[in-house]
Amino acid sequence: MPLNSKIPQGELSQKWTSYKSTCKLVNPANKRQLEVIVIGTGLAGASAAASLGEMGYKVKTFCFQDSPRRAHSIAAQGGINAAKNYQNDGDSTYRLFYDTVKGGDYRSREANVYRLAEVSANIIDQCVAQGVPFAREYGGLLSNRSFGGVQVQRTFYAAGQTGQQLLIGAYQALERQVALGNVTQYSRHEMLEVVIIDGKARGVIVRNLVTGELERHFGHAVLLCSGGYGNVFYLSTNAMGSNVTAAWKAHKSGAFFGNPCFTQIHPTCIPVSGDHQSKLTLMSESLRNDGRIWVPKKQGDTRKPNEIPVEERDYYLERRYPAFGNLVPRDVASRAAKERCDAGYGVGSSRQAVYLDFASAIERYGKIEAGKHGNHNPDAETVRQLGEEVVKEKYGNLFEMYEKITGEDPYKVPMRIYPAVHYTMGGLWVDYELMTTVPGLYALGEANFSDHGANRLGASALMQGLADGYFVIPYTLGNYLADDIRTKPIPTTHEAFEAAEKNVRNRIETMMNIKGSESVESFHKRLGKIMWDKCGMARNAKGLAEAIEEIKALRKEFWTNVRIPGEIKEYNPELDKAGRVADFLELGELMCKDALYRSESCGGHFREESQTEEGEALRKDDEFTLVAAWEYKGDSNFELHKENLTYEVMHLTQRSYK
């Protein structure tokens with residue numbers, strides 16, 4: 001099946017304007033007759049549901065949390081990008097587009113990325129109007145800071161809790177529509193099947209997680225806004241509930257999965273402290289604005305960080321990448337940290353960490369503050385106190401979080417950080433309209449593959465989620481539903497709903513009847529170890545081939561020996577988790593197959609067989625300037641489809657941040 005990305009004709013800068021001017025519309029009276037299902041209520045889901053409700057559609061939203069406000073978007077800390085050029089430092093729509101495509105190592109679709117850059121400025125206006133408390137300069141103007149992979153300041157932020165503040169804004173917009181009766185919200189409901197009638201997505205089967213009952217819901221279209229699948233690695237920065245189930249059920253119903261092996265490794269995470277951990281904690285990338293990353297110059301140095309003089313420290317990012325320094329993209333920073341630790345320069349008890357040090361920033365800010373008060377020769381203690389106050393204003397909640405988790409005061413000693421799995425660039429394949437290969441089934445935000453290539457730039461996740469929900473889907477969904485205005489709601493007694501519900505029930509009963517001896521958690525942990533060791537930051541053909549066989553064996557063991565306590569018709573979190581881990585066990589195999597197929601290094605995906613003489617990632621543009629979109633063909637059977645990526649404006653070059 002040829003993949004039609006539906007990219008509009010014409011100049012790149014005019015494609016979205018042209019599309020909006022010529023797409024089909026649905027008149028207000030007809031919108032009231034059309035029903036839309038939204039799965040997930042994070043930034044993408046809440047903004048889409050609020051927008052569609054405001055437009056007059058009948059919307060149903062579903063989330064597995066107890067409230068839409070618990071969506072994992074809340075965990076985003078550092079900021080949201082937008083090409084406003086408030087700093088007058090050379091930013092523009094084109095530069096944001098350029099940085100995003102280059103940051104993704106030339107593996108994203110030009111037209112989608114340009115549209116994202118184009119609508120970014122509107123997002124900030126929308127959020128300010130909603131009352132999102134972005135940080136402001138003394139004079140009242142919105143403040144900006146830098147993130148990795150760029151040389152301008154374009155990241156808007158609210159201290160270290162930007163995701164939370166943006167989600168509250170979107171949630172308020174959503175709740176307004178709930179109050180008006182345009183949106184019906186179902187919390188504690190998990191989607192377990194897409195219902196397809198005559199080749200179109202027409203509804204979902206969901207499980208009420210409180211009662212265990214299965215429910216059927218019709219929709220003229222279904223929007224998946226269910227986030228990413230980083231928890232396939234077990235240890236990641238994602239909330240423990242984050243999962244792939246909604247997207248995976250869509251995949252098994254015919255939606256192609258794009259670039260599943262493309263996962264984000266975030267360089268600034270609190271290191272693993274032992275086998276007891278169930279998740280990892282992220283320290284925002286915004287800390288790299290002012291923090292300097294270093295390791296001792298001597299291998300195996302056991303001195304405390306403050307005992308190591310500056311001349312005996314290796315500020316390795318500043319040394320290797322002078323043009324960008326500590327603000328290189330995430331994949332570059334992550335691989336550099338791994339290289340230093342593997343070479344024996346790691347710090348901390350595990351030796352799997354590097355330092356993120358704020359001493360220089362505290363001193364610099366302290367002197368500036370003292371100067372503001374007319375004190376041009378301040379003593380060291382005054383400088384430290386004033387500097388700490390500035391840093392606290394910018395990053396205070398992040399510093400508090402670090403101290404609570406580690407017991408160390410980052411104002412006094414450097415933070416210890418190490419790379420960890422964070423975001424997933426892979427996801428359901430979508431065209432320019434955000435529609436999957438199943439008509440009427442859309443994927444928004446992190447659930448789709450479209451905007452970030454092989455590596456997402458920091459502060460672009462919030463941007464994509466809100467762009468898709470507020471500014472893209474209202475147009476593209478209307479273009480599809482304009483042809484559906486004569487379709488009456490299909491009763492949920494339809495045989496397709498019957499068959500889909502039976503399929504879900506059989507799967508749950510099969511799982512519950514295994515009555516084995518091993519917990520769901522232990523299977524998840526074992527899968528995560530295979531994935532991190534053999535399909536993580538570095539991978540090779542031998543390891544990936546082994547991982548595929550190991551995952552198959554682990555999946556077979558799961559379906560014969562998993563132990564799930566409790567009953568089906570009750571609140572049973574272990575059963576919920578078992579279904580999610582079962583899906584991860586299938587996804588993990590596809591990720592390894594995709595990684596094995598893609599024999600190049602790109603972004604954070606380092607194939608040991610493909611590297612430059614300096615040990616940097618080496619792409620194979622002649623073979624892999626494409627999206628690998630996989631079609632599910634049955635157990636362990638996936639067919640590859642390719643969407644060739646054409647660059648009309650960007651020129652494929654080897655990335656350099658030196």
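Please read all numbers here as calculations on a predicted model, not as lab measurements. Just so you know, the residues in each chain are numbered from 1, in the order the chain's sequence is written. Side-chain atom pairs in this predicted model are given and counted only at pLDDT of 80 or more, local residue features only at pLDDT of at least 70, and totals for whole chains, interfaces and linings cover all residues. Excluded from the side-chain calculations are hydrogens and water; all other atoms, namely the structure's heavy atoms, are used.

In this structure, what is going on with the overall build of the protein chain? I would like to understand it.
Looking only at helices and strands, the protein chain features 17 helices and 23 strands. Just to be clear, the radius of gyration here is over C-alpha atoms, and the globule rule we use is 2.2 Å times residues to the power 0.38. Rg of the C-alpha trace for the protein chain: 24 Å, near the compact-globule value of 26 Å for 658 residues, within the 12% margin. Oriented by its inertia axes, the alpha-carbon framework of the protein chain measures out at about 80 × 55 × 50 Å. The classification of residues rests on relative accessible area computed with a 1.4 Å probe and restricted to protein chains. Under 20% of the type maximum is buried, over 50% is exposed, and intermediate values are partly exposed. Burial status across the protein chain gives 60% buried among its 658 residues. For the protein chain, restricting intrachain contacts to residue pairs at least 6 apart in sequence, the fraction spanning at least 24 positions comes to 74%. Residue-level accessible areas treat just the shown protein chains as cover; the underlying method is Shrake-Rupley with a 1.4 Å probe. Carbon together with sulfur atoms contributes 48% to the accessible area of the protein chain, which is approximately 24,900 Å² in total. Considering the protein chain, the positive charge centre built from 80 side chains and the negative charge centre built from 82 side chains are found 1 Å apart. Put simply, DSSP H or I for four residues or longer makes a helix, DSSP E for two residues or longer makes a strand, and each gets a number counted from the N terminus. We call two residues contacting when some pair of their heavy atoms lies within 4.5 Å. Just so you know, the count uses Lys and Arg for positive and Asp and Glu for negative, and it drops His and the chain ends. Every charge is mapped onto a representative atom, which is NZ of Lys, CZ of Arg, CG of Asp or CD of Glu.

I'm lost on helix H16 (residues 573–597) in this one. Help?
Quick reminder: α-helices carry 3.6 residues per turn. Residues three or four places apart thus point the same way. Between the first and last C-alpha of H16 there are 36 Å, a value that for 25 residues agrees with the 36 Å anticipated at 1.5 Å per step. Burial runs high along H16: 20 of the 25 residues are buried. The span one expects for a helix is its residue count, reduced by one, times 1.5 Å.

Explanation requested: the nonpolar core in the structure shown.
A general trend in soluble globular proteins is that nonpolar side chains are found buried together. Throughout, nonpolar core names a set of buried Ala, Val, Leu, Ile, Met, Phe, Trp, Tyr and Cys residues whose side chains join them through atoms within 4.5 Å. Ranked by internal contacts, the top residues of the largest apolar core, which has 150 residues, are Ile80, Leu223 and Tyr442. Once you skip the residues sitting within four places of it in the chain, Tyr442 turns out to touch Ala221, Val222, Leu223, Leu224, Glu433, Leu434, Met435, Thr436, Ile473, Thr476, Leu477 and Tyr480. In this structure, Tyr316, Leu317, Ala337 and Phe399 belong to the second largest nonpolar core, which totals 33 residues.

Whenever I open this one, the packing of helix H14 (residues 520–535) against H16 confuses me. Can you help?
The relative placement of two packed helices is expressed as an angle between their axes plus a distance between the axes. To get an axis, fit a line to the C-alpha atoms, keeping to the stretch in contact for a helix; angles then go from 0 to 180 degrees between the N-to-C directions. H16 packs onto H14 with a crossing angle of 20 degrees between their chain directions and a minimal axis gap of 10 Å. Here H14 is positioned roughly parallel relative to H16, judged by the angle of their axes. Note on packing geometry: the crossing formed by H14 with H16 is left-handed. Residue-level contacts link Val520, Glu521, Phe523, His524, Leu527, Met531 and Cys535 of H14 to Glu574, Lys577, Ala578, Val581, Phe584, Leu585, Gly588, Met591, Cys592 and Ala595 of H16. Each residue belonging to the contact of H14 with H16 can be placed in one class, and the counts come to twelve nonpolar, two polar and three charged. Roughly parallel here means an angle under 35 degrees, roughly antiparallel means over 145, roughly perpendicular means 65 to 115, and every remaining angle is called oblique. By convention the crossing between two helices is left-handed if the near helix lies anticlockwise of the far one by an angle smaller than a right angle, and right-handed if it lies clockwise. Charged residues are taken to be Asp, Glu, Lys and Arg, nonpolar residues to be Ala, Val, Leu, Ile, Met, Phe, Trp, Tyr, Cys and Pro, and polar residues to be all remaining types, Gly included.

What am I meant to see in the packing of aromatic side chains here?
The relation between two aromatic rings is expressed through the spacing of the ring centres and the mutual angle of the planes. Any Phe, Tyr or Trp ring, taking Trp's six-membered ring, that has another such ring centre within 6.5 Å forms a pair; planes under 30 degrees apart are called stacked, those over 60 apart edge-to-face, and the others tilted. What the rule picks out here adds up to 29 aromatic pairs. Residues Phe358 and Phe399 carry aromatic rings whose centres are separated by 5.0 Å and whose planes lie at 80 degrees to one another, so their mutual orientation is edge-to-face. Linking Phe358 in the loop between strand S14 (354–357) and helix H10 (359–372) with Phe399 in helix H11 (residues 380–406), this pair joins segments that are 41 residues apart in sequence. We note Arg145 situated over the ring of Tyr157; from NZ or CZ to the ring centre the distance is 3.7 Å. Directly above the aromatic system of Phe64 lies the positively charged group of Arg580, at a separation of 4.8 Å from the ring centroid. By definition here, charges over rings are those cases where NZ of Lys or CZ of Arg is within 6 Å of the ring centre and within 35 degrees of the ring normal.

Help me out: how do you make sense of unusual backbone geometry in this one?
Both trends apply: most residues other than glycine have a negative phi, and most peptide bonds are in trans. Located in the positive-phi region is Asn85, a residue other than glycine, with phi close to 55 degrees. Relative to the helices and strands, Asn85 is located in the loop between strand S3 (80–81) and helix H4 (93–103). Classification of Asn85 as partly exposed rests on a relative accessible area of 26%. Phi is positive for Ala459, close to 70 degrees, though the residue is something other than glycine.

I keep staring at the side chain of Thr268 and nothing clicks. Help me out?
Along the chain, Thr268 turns up in strand S11 (residues 263–269). Thr268 sits in the buried class, given a relative accessible area of 0%. For Thr268, the side chain forms a polar contact with the main-chain oxygen of Met283, separated by 2.6 Å. When residues no more than four places from it in sequence are discounted, the contact partners of Thr268 are Leu282, Met283, Ser284, Glu285, Arg288, Leu356, Ile417 and Tyr418. Polar contact is defined as a pair of N or O atoms within 3.5 Å, subject to the rule that within protein one atom must be able to donate a hydrogen and the other to accept it, and that residues adjacent in sequence are counted only when both atoms are side-chain atoms.

What is the right way to read the sheet that holds strand S10 (residues 257–258) from this model?
Think of a sheet as strands paired side by side through backbone hydrogen bonds, with each pair either parallel or antiparallel. Spatially, four strands are ordered S16-S10-S22-S23 in an open sheet, and the strand pairing comes out antiparallel. Of all strands in the sheet, those with a lone pairing partner are strand S16 (427–428) and strand S23 (638–644), marking the two edges. We treat two strands as partners when DSSP finds at least two bridges between them. Taken together, the two bridges between S10 and S16 define a ladder with antiparallel strand orientation. Bridging across to S16, Phe257 finds its partner in Leu428. Taken strand by strand, helix H7 (residues 245–252) contacts S10, S16, strand S22 (626–632) and S23, and its axis lies near 75 degrees from that of S22.

I keep staring at the pairing of S22 and nothing clicks. Help me out?
The side chains of a regular strand alternate between the sheet's two faces. Judged by how many residues are buried, S22 sits mostly within the fold: six of seven residues are covered. Pairing analysis gives two bridges linking S10 to S22, with the strands arranged antiparallel. The residue of S22 that forms the bridge with Gly258 is Ala629. Relative to S23, S22 runs antiparallel, the two sharing seven bridges. Paired with Tyr632 across the strands is Phe638, a residue of S23.

Looking at this model, I keep getting lost on the sheet that holds strand S12 (residues 292–296). Mind explaining?
Read across the open sheet, the five strands follow the order S11-S15-S14-S12-S13; overall the sheet is antiparallel. The open sheet has two edge strands with one neighbour each: S11 and strand S13 (313–314). As paired elements, S11 and strand S15 (residues 415–424) share four bridges and run antiparallel to each other. Looking at the pairing, Thr263 lines up with Thr424 of S15. Against the sheet, helix H9 (residues 330–342) contacts S11, S12, S13, S14 and S15, and its axis sits at roughly 65 degrees relative to S11.

What's the story with the pattern of salt bridges in this structure? I'm lost.
Two side chains carrying opposite charge are able to pair once their charged atoms lie near each other. A carboxyl oxygen of Asp or Glu within 4 Å of a side-chain nitrogen of Lys or Arg is what we treat as a salt bridge. The full count for this structure, using the stated rule, is 65 salt bridges. Two residues, Asp314 and Arg319, come together in a salt bridge whose shortest N-O distance is 2.8 Å. The shortest N-O distance in the salt bridge between Glu631 and Lys633 comes to 3.8 Å.

How should the layout of surface pockets be read in this particular structure?
A probe as big as a water molecule, rolled over the atoms, marks out the empty space that is left. Here a cavity is any set of points on a 1 Å grid over the protein atoms alone where a 1.4 Å probe fits but cannot get out, and a pocket is any open set with protein on both sides within 12 Å along at least 5 of 7 lines; a residue lines the site when it has an atom within 4 Å of a point. Grid points are joined across faces, edges and corners, and a volume is the space filled by probe spheres set on the points. Empty space within the second largest pocket amounts to approximately 750 Å³. In this structure, the second largest pocket is lined by 30 residues; those nearest its centre are Leu235, Val272, Lys529, Trp532 and Asp533. Of all the secondary-structure elements, those providing two or more residues to the lining of the second largest pocket are S15, H14 and strand S19 (538–539). A per-element tally of the lining of the second largest pocket places H14 first, with six residues.

Taken by themselves, the reported measurements are silent on function.
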